Amino acid sequence: MNLLQGKISSVMNINCLRRNLFSASSALPAVQLPAKKELHFWYILPDEVNSANLLNQYLEILSPCEKENIFRMRGEQLKKRALLARTLVRTTLARYQTNCQIDPKSLKFRKNNYGKPEVDWQYSDDWSLPPLHFNISHTSSLIACGVTVDSTIGIDVEEKQRRLKNDILAFARRYFTLREVEMLTGISDPETQRQEFIKLWTLKEAYVKALGKGFSASPFNTFTVRLRDSMEKGTCHASHLISEVPEIIIESSGDPNNPSENWQFVLLELLGSHYAAICMEQDMISGGNGSVPINLIIRKTIPFVKDEFMSSGTDVVVVGGLTRLLGPA
Amino acid sequence: MAAKSALQPLLKYLRVPVQPLSQNIFSISPHLFRRFSTEEVRGCFLDKSEVADRVISVVKNFEKVNPSKVNPNAHFQNDLGLDSLDSVEIVMALEEEFGFEIPDNEADKINSINLAVDFIASHPQAK
């Protein structure tokens, strides 16, 4: 390394120095930022994380406030789940470093007016972080975090085997739209009906989370989520589209013949055990004659231990929505 | 006139006994005072502790909930580990229990036992 290179790296290191508070062995591998129209989906399986050492390591990267919230909860499983959720968010975002390593502990968060969590860039120690959007969802067996750049996002995950306490149609009549109730009523097999219900729930929940104003602002019976009819609107799908699954669209109850083109959905089946719905704001400028597919990168992670790319196959099945699953760069 | 005199005893019977109560109008809780108002006979407020008991029993009956964790301060997510679908299911069960519809734009706010009790106890439609 010549003298000039040495000078440049030492200038950079001055800024990095105060952030390199953890040992090299627990560093998070850097990851390329999501491109436009690209979504990174990270998930962790709580059942795979049992080492007390590792869990304590995770506790160390949380803010005092987050730690306190966890200590106040009752039940080991609940605490573990909450810990893993915060760890997933912090470690995931910290990977998108541009200049130097980001200490996941240094990230600051705030809530919008309606309680939706977001990164507080103003007070974050690291000024070089790009405007990342994220959203998390957890079930007892899977915790997921979706990340995009410059695009609002909402995700929701549910266990496929989830049972409802109430009767499905009674629930749907109370909370969903007429069109959705009709769709569900038309399914004669109870098991299929239940699964379609869960899919519908995750999609609607992902949409409301993307909007970021809470259940109250967008009651579920004010919008219908459904599959786009192939005959509808003469949409032109990109010919090189890999996925043949139907497109998912959303229409407001007030204006049913005018589906909203602002939002795009993807519905996945993960590990044969979970449905994951993703809702992303569509960039209207590049809209053109039809929707552009969302590029999706799915990774399973145990922070500080290992990350795995998940590609299309038995573990990840695209159930709906225009998407392209990308592999390792 | 005959009609008027026939009406008089009836009117006396229906008259709200305001006079004896007016001296201590401020020491009587609005709840008690309103019970005697003829306009509000249809919308009586339920007793808060009765509401609390009924809410707690609805929540305890929820399969996913560990009954030993249910106390008046329990938060659906943080204490009982329930997610958004569970919370909506509980709201629906509370609607069935108390016989009135909880508007969707209020359902968001009911995420703990205390909030549910406060909400229901302050709604005249609750049965």
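Conventions we followed
- Residues numbered from 1 in each chain as written.
- Chains lettered and ligands numbered in written order.
- Predicted model: local features only at pLDDT ≥ 70, side-chain atom pairs only at ≥ 80, totals over all residues.
- Heavy atoms only, no water.
- pLDDT = per-residue confidence, 0-100.
- Helix = DSSP H or I, 4+ residues; strand = E, 2+ residues; numbered from the N terminus.
- Contact = heavy atoms within 4.5 Å.
- 1 Å grid on protein atoms, 1.4 Å probe; cavity = no way out; pocket = protein on both sides within 12 Å on 5 of 7 lines; lining within 4 Å.
- Points joined across faces, edges and corners; volume = space filled by probe spheres on them.
- Nonpolar A, V, L, I, M, F, W, Y, C, P; charged D, E, K, R; others polar.
- Buried < 20%, exposed > 50% of the residue type's maximum accessible area, 1.4 Å probe, protein only.
- Pairing = 2+ DSSP bridges.
- Polar contact = N/O pair within 3.5 Å; in protein donor to acceptor, adjacent residues only side chain to side chain.

**Student:** So what's going on with the confidence of the model for chain B? Which residues, and what values?
**Tutor:** Residues and elements named next belong to chain B. Confidence in the prediction of chain B, expressed as mean pLDDT, is 77, and 66% of residues score 70 or more. The secondary-structure element of chain B with the lowest mean pLDDT is helix α3 (residues 30-35), recorded at 50, while helix α4 (residues 48-60) shows the highest, at 94. A low-confidence stretch, residues 21-26 (pLDDT under 50), is modelled with two contacts involving residues beyond four sequence positions or located in other chains. In this model residues 38-42 is a low-confidence stretch, pLDDT under 50, and it forms four contacts with partners more than four residues away in sequence or in other chains. Interface confidence in the predicted complex, given as ipTM, is 0.79; pTM for the same model is 0.80.

**Student:** Can you explain the layout of surface pockets? Please cite residues and give values.
**Tutor:** Empty space among the atoms becomes apparent when a probe as large as a water molecule is rolled across them. Residues and elements named next belong to chain A. Its volume calculated, the second largest pocket comes out at about 310 Å³. Looking at the second largest pocket, it is lined by 16 residues, and the ones nearest its centre are Met 183, Glu 196, Val 225, Arg 226 and Leu 227. The residue inventory of the lining of the second largest pocket, partitioned by class, reads nine nonpolar, two polar and five charged.

**Student:** Which residues make up unusual backbone geometry, and what values do they have?
**Tutor:** All names here are of chain A. Positive phi, close to 65°, is recorded for Lys 37, a residue that is not glycine. For Lys 37, the position within the fold is in the loop between α1 (3-17) and β1 (38-44). Phi at Asp 150 takes a positive value of approximately 65°, unusual for a residue other than glycine. With respect to the element layout, Asp 150 can be found in the loop between β5 (143-149) and β6 (153-159). Judged by relative accessible area, which is 47%, Asp 150 ranks as partly exposed.

**Student:** I'd like a rundown of the pairing of strand β4 (residues 132-138) of chain A, residues and numbers included.
**Tutor:** Residue and element names in this part refer to chain A. Burial analysis of β4 places five of its seven residues in the buried class, which makes it a mostly covered element. Relative to β5, β4 is paired through seven bridges, and the arrangement is antiparallel. Within β5, the residue paired with Asn 135 across the bridge is Gly 146. Adjacent in sequence and paired antiparallel, β4 and β5 are bridged by four residues.

**Student:** With reference to specific residues and values, describe the environment of His 40 of chain A.
**Tutor:** Residues and elements named next belong to chain A. Looking at the secondary structure, you find His 40 in strand β1. Judged by relative accessible area, which is 1%, His 40 ranks as buried. Residues His 40 and Leu 296 lie 256 residues apart in sequence; the distance between their C-alpha atoms is 6.0 Å. Once residues lying within four places of it in the same chain are set aside, the contact partners of His 40 are Val 31, Gln 32, Leu 33, Pro 34, Tyr 96, Cys 145, Gly 146, Val 147, Ile 297 and Arg 299. Within the local environment of His 40, its side chain forms a polar contact with the side chain of Glu 38, the two groups lying 2.9 Å apart. Reaching out from His 40, the side chain makes a polar contact with the side chain of Tyr 96 at a distance of 2.7 Å.

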